[in-house]
Structures are given as C-alpha cells and as structure tokens.
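Each chain, letter by letter, is given below.
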Amino acid sequence: YVLLDLQFLGIENLLVLRGDKARDEKAFRPVADGYAHTTELQEQINAFNEGRFVDGTPIAVPGNFSYGVACYPEKHEEAPNLTTDLQWFKRKVELGAEYGVTQLFYDNAAYFRFVEQARAIGINVPIIPGIKPLSRLSQLTAVPRIFHCDLPEDLVREAVKCKTDADIAALGVEWAEMQCRELMAHGVPSIHFYTTSAAQSIREVAQRIY
C-alpha cells in the first residue's frame, strides 16, 4: 500500500533501507511478516515494477520505481568484515539499486578507499558520500558508538579543546566544509547531508561550498 501511495503521488525514486534496530534491542528483529534485509524489500519493489503484488496478485498499473541503497565505508555493524559487507552492497546493485548513499564518515580516506574497493569488484553505480557535521560535545563518544565510524586523529585533537556545544558546532562546520571541498574536488556525484540535530550547521556548510 505504501508503494501504491507513492505511485499515486508521483514519487518514483526511493532510498530503500531496512531500518535500524530499536534502542532496546541488541540485534535487529523484523516486525511480523517484515524483512530482515534490504534485498528482500528490493525484491518486492522489483515485483511491483513487473506488475505483481507481494502475494502475486496482478497490478493494474505496474510501478516505475528506481531506487538507491545504503552502503558503509567502514562496514555495517552486522557484517563480520568489509569484504563481506561489500558483497552485500554488490548484491543490492545486482538486484537493481542505481546508486548508493554512504553511512556518515569523517575521514575522506575511508570513502575513497571504499569506492576503490567497490569498483574493483564490479560495483559501478554512483556512490554518494554522507556527511554530518558534529554539533554537540556528547557526539564525540556517541557518534562512533552509534554509527560505527572512526573520528580522525586531527579532528579529535581539536574537538577535545572545545568547551561548549557552540565550540564543537563551529569545528563541525569547518571540518565538514573541508570534507566537502575535497570530495567535490575528486568529482563525487553529489553529497548527501544528514540533517538531524545539524540543520543550521549544514545550512552554513552549504552556503560556504555552493
């Protein structure tokens, strides 16, 4: 029904995500009749595009959805290693994903390395970097824990000097600007900004780089 609603609204491009585990869960558990992996949702969308509902019932007007998926420069928390995680990304592309949007990262080297490894195994879709400026002191420990990414030593060295959220937000803008300029110089297809708790910072970054 969600796909039908999107079709009615004229929305044809989707970012297909499985979703995260609940805060009180140690591991992701799908809801009743839900999916454990993004690939299962992709298969349902593909069937919709071919004119079939999930139960096989014909659709009068087949869908015309294109979609992208998530990918992880420093690997998904559930993957045993990056090689395995890259194979999952490749499988998503084989099923029809037209682009990938990365998990947030603060070290551009991790992104460049990830793209190189993806290309080496035949993943040729655009890989869009995901950027989120630091905006609170608490994020110094929360971001690496929640998003499973490393903070570069240079960033940490400056971050520990910050005394207030305003200080860390100013540093976050400067670091994100530096990241974006380097990424753009390397010809990335676009940049995806994660806006939660950072909308004002992203507005400032965008004003600086565009």
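Above this note sits the structure.
These figures come from a predicted structure and were not determined experimentally. (Residues numbered from 1 in each chain as written. Predicted model: local features only at pLDDT ≥ 70, side-chain atom pairs only at ≥ 80, totals over all residues. Heavy atoms only, no water.)

J.: Mind showing me how you'd approach the nonpolar core here?
T.: Generally speaking, soluble globular proteins have nonpolar side chains that are buried together. If you look at the biggest cluster of nonpolar residues, it comprises 36 residues, and the most contacted ones within it are Leu 14, Tyr 67, Phe 89, Ile 127, Ile 131 and Phe 193. Once you skip the residues sitting within four places of it in the chain, Phe 193 turns out to touch Ile 131, Cys 180, Ile 202, Val 205, Ile 209 and Tyr 210. Core analysis: the next-biggest nonpolar cluster, separate from the first, contains 12 residues, Cys 149, Leu 151, Ile 168 and Leu 171 among them. (Core = buried A, V, L, I, M, F, W, Y, C linked by side-chain atoms within 4.5 Å. Buried < 20%, exposed > 50% of the residue type's maximum accessible area, 1.4 Å probe, protein only. Contact = heavy atoms within 4.5 Å.)

J.: Got a minute to help me understand helix α5 (residues 139-147) in this structure?
T.: Along an α-helix, a turn takes 3.6 residues, which lines up residues three or four apart on a common side. Along α5, the positions that sit buried rather than exposed are Gln 139, Ala 142 and Val 143. Within α5, the buried residues cover an arc of 95° as seen down the axis, which keeps them to one side. Across from the buried face of α5, at angles greater than 90 degrees, the exposed residues are Thr 141 and Arg 145. In the core, the buried residues of α5 are packed alongside β3 (100-104). Looking one or two places after α5, you find His 148, whose phi comes out positive at around 55°. (Helix = DSSP H or I, 4+ residues; strand = E, 2+ residues; numbered from the N terminus. Arc of directions from axis to C-beta.)

J.: I tried to follow the side chain of Thr 39 on my own but got confused; where do I start?
T.: One can find Thr 39 in helix α2 (residues 38-49). If near-sequence neighbours (up to four positions away) are discounted, Thr 39 is found in contact with Trp 88, Arg 91, Lys 92 and Leu 95.

J.: Where do I start with the packing of aromatic side chains in this structure?
T.: Within a pair of aromatic rings, the relevant descriptors are the distance that separates the centres and the angle that separates the planes. Tallying each qualifying case throughout the model produces five aromatic pairs. For the ring pair Phe 105 and Tyr 111, a centre distance of 5.5 Å and an interplane angle of 10° mean the geometry is stacked. Here Phe 105 matches Tyr 111 in class, with each residue buried. Tyr 111 gets classed as buried once you look at its relative accessible area, which sits at 4%. Ring pairs connect the aromatic residues Phe 48, Phe 53 and Phe 65, which therefore count as one cluster. Against the face of Phe 28 rests Arg 18, its NZ or CZ located 3.8 Å from the ring centre. (Phe/Tyr/Trp six-rings, centres within 6.5 Å; stacked < 30°, edge-to-face > 60°. Lys NZ or Arg CZ within 6 Å of the ring centre and 35° of its normal.)

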